[in-house]
Amino acid sequence: MADMKDNFPVHTFGIQIDGVQLEQLKEVSGIGFEQEVITSQHVTDKGAYYIRKQPGPRKPGELTITRGMDQNKALNEWIKQTYEKGDIPSARKNVTIEMKDNTGATKRRITMQRAWVSSWDGGTITAGSSDAVNEKVTIQYEEIKVEDS
């Protein structure tokens, strides 16, 4: 009989931008990586045709964070580095997502390297509404590293 294990529930997670913890987190999407696929066609010395697929260059990625808007200045300053100042070299930071188990222990750490903010959406504001405002931040990154704890 196969070893029966529970799936890993990820309802608790944390995000750090160069070590600065973000708060009011709601959702993260776009976690993953992709590589190009190189397909080559060959003929052997005996005339047999075959196809080979192999990994090509890694593609950069995009991550979207949805969070409750708050007065955290660290995120706003990071956004300003690219949008207002155009200072991409200084804006490139490492973004780390820590997936935690139900005891709060980090079980997986995912680091997006050389990341910067490409877009910000300030959410919807409705007159007379008592709903909290959520903001979405889209982050571009060049490499991803996944580590299990």
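Residues numbered from 1 in each chain as written. Predicted model: local features only at pLDDT ≥ 70, side-chain atom pairs only at ≥ 80, totals over all residues. Heavy atoms only, no water.

Trainee: In this structure, what is going on with helix α1 (residues 73-83)? I would like to understand it.
Mentor: An α-helical turn contains 3.6 residues, so a residue and the one three or four places further along point in the same direction. What α1 keeps buried is the set Leu-75, Trp-78, Ile-79, Gln-81 and Thr-82. For α1, the angular spread of the buried residues around the axis is 150 degrees, confining them to a single face. α1 presents Lys-73 and Tyr-83 as exposed residues on the side facing more than 90 degrees away from its buried surface. Tucked inside the fold, the buried residues of α1 contact β1 (12-17), β6 (61-68), α2 (88-91), β7 (93-100), β8 (106-121) and β9 (134-141). (Buried < 20%, exposed > 50% of the residue type's maximum accessible area, 1.4 Å probe, protein only. Helix = DSSP H or I, 4+ residues; strand = E, 2+ residues; numbered from the N terminus. Arc of directions from axis to C-beta. Contact = heavy atoms within 4.5 Å.)

Trainee: For this particular structure, what's the right way to read the pattern of salt bridges?
Mentor: Note on pairing: side chains with opposite charge can pair once their charged atoms come close. Enumeration over the complete set of coordinates arrives at 13 salt bridges. Across the pair Glu-98 and Arg-109 runs a salt bridge, and its minimum N-O distance is 2.9 Å. Residue Glu-98 is located in strand β7, and its partner Arg-109 is located in strand β8; the two are separated by 11 residues in the primary sequence. A relative accessible area of 29% means that Arg-109 is categorised as partly exposed. Bridged by salt links that share partners, the residues Arg-58, Arg-92, Arg-114, Glu-142 and Glu-143 form one connected network. (Salt bridge = Lys/Arg side-chain N within 4 Å of Asp/Glu carboxyl O.)

Trainee: Any chance you could explain the environment of Thr-124 here in plain terms?
Mentor: On the secondary structure map, Thr-124 appears in the loop between β8 and β9. Residues Thr-124 and Pro-89, 35 residues apart in the sequence, show an inter-C-alpha distance of 32 Å.

Trainee: Would you explain the nonpolar core in this entry?
Mentor: Side chains of a nonpolar character, in soluble globular proteins, are inclined to be buried together. Counting 20 residues, the largest nonpolar core has Ile-15, Leu-63, Leu-75, Trp-78, Val-95, Met-112 and Ile-139 as its most contacted members. Taken together, the elements giving at least two residues each to this core come down to β1, β6, α1, β7, β8 and β9. The leading source of residues in this core is β8, at 4 residues. (Core = buried A, V, L, I, M, F, W, Y, C linked by side-chain atoms within 4.5 Å.)

Trainee: I tried to follow the layout of surface pockets on my own but got confused; where do I start?
Mentor: Rolling a probe over the atoms, with the probe sized like a water molecule, indicates the empty space that remains. Computed from the structure, the largest pocket encloses a volume of approximately 280 Å³. If you trace the largest pocket, you find 15 residues lining it, with Asn-76, Ile-79, Lys-80, Tyr-83 and Trp-120 closest to the centre. For the lining of the largest pocket, the secondary-structure elements that each account for two or more residues are α1 and β8. Among the elements that line the lining of the largest pocket, the one with the most residues is α1, at 5 residues. In terms of residue class, the lining of the largest pocket is built from 5 nonpolar, 5 polar and 5 charged. (1 Å grid on protein atoms, 1.4 Å probe; cavity = no way out; pocket = protein on both sides within 12 Å on 5 of 7 lines; lining within 4 Å. Points joined across faces, edges and corners; volume = space filled by probe spheres on them. Nonpolar A, V, L, I, M, F, W, Y, C, P; charged D, E, K, R; others polar.)

Trainee: Sorry, what's going on with a nonpolar patch on the surface here?
Mentor: Taken together, the side chains of Val-43, Tyr-49 and Ile-51 present a nonpolar region at the surface, about 320 Å² in accessible area. Topologically, Tyr-49 is positioned in strand β5 (residues 49-59). (Patch = residues over 30% accessible without salt bridge, like charges linked within 9 Å, V, L, I, M, F, W, Y side chains within 5 Å. Areas by Shrake-Rupley, 256 points an atom, 1.4 Å probe, with all protein chains shown as cover.)

Trainee: Hey, could you run me through the side chain of Lys-100 in this one?
Mentor: By the secondary structure assignment, Lys-100 is in strand β7. Under the relative-accessibility criterion, Lys-100 is labelled buried at 18%. Here Glu-98 takes part through its side chain, which lies 3.3 Å from a polar atom of the side chain of Lys-100. (Polar contact = N/O pair within 3.5 Å; in protein donor to acceptor, adjacent residues only side chain to side chain.)

Trainee: How should the side chain of Arg-67 be read in this particular structure?
Mentor: Position of Arg-67 relative to the elements: it lies in strand β6. Among the polar contacts listed, one links the side chain of Arg-67 to the side chain of Glu-135, at a separation of 2.3 Å. Here Arg-67 is in contact with Leu-22, Glu-23, Gln-24, Leu-25, Lys-26, Asn-72, Leu-75, Val-133, Asn-134 and Glu-135, once residues within four sequence places are set aside.

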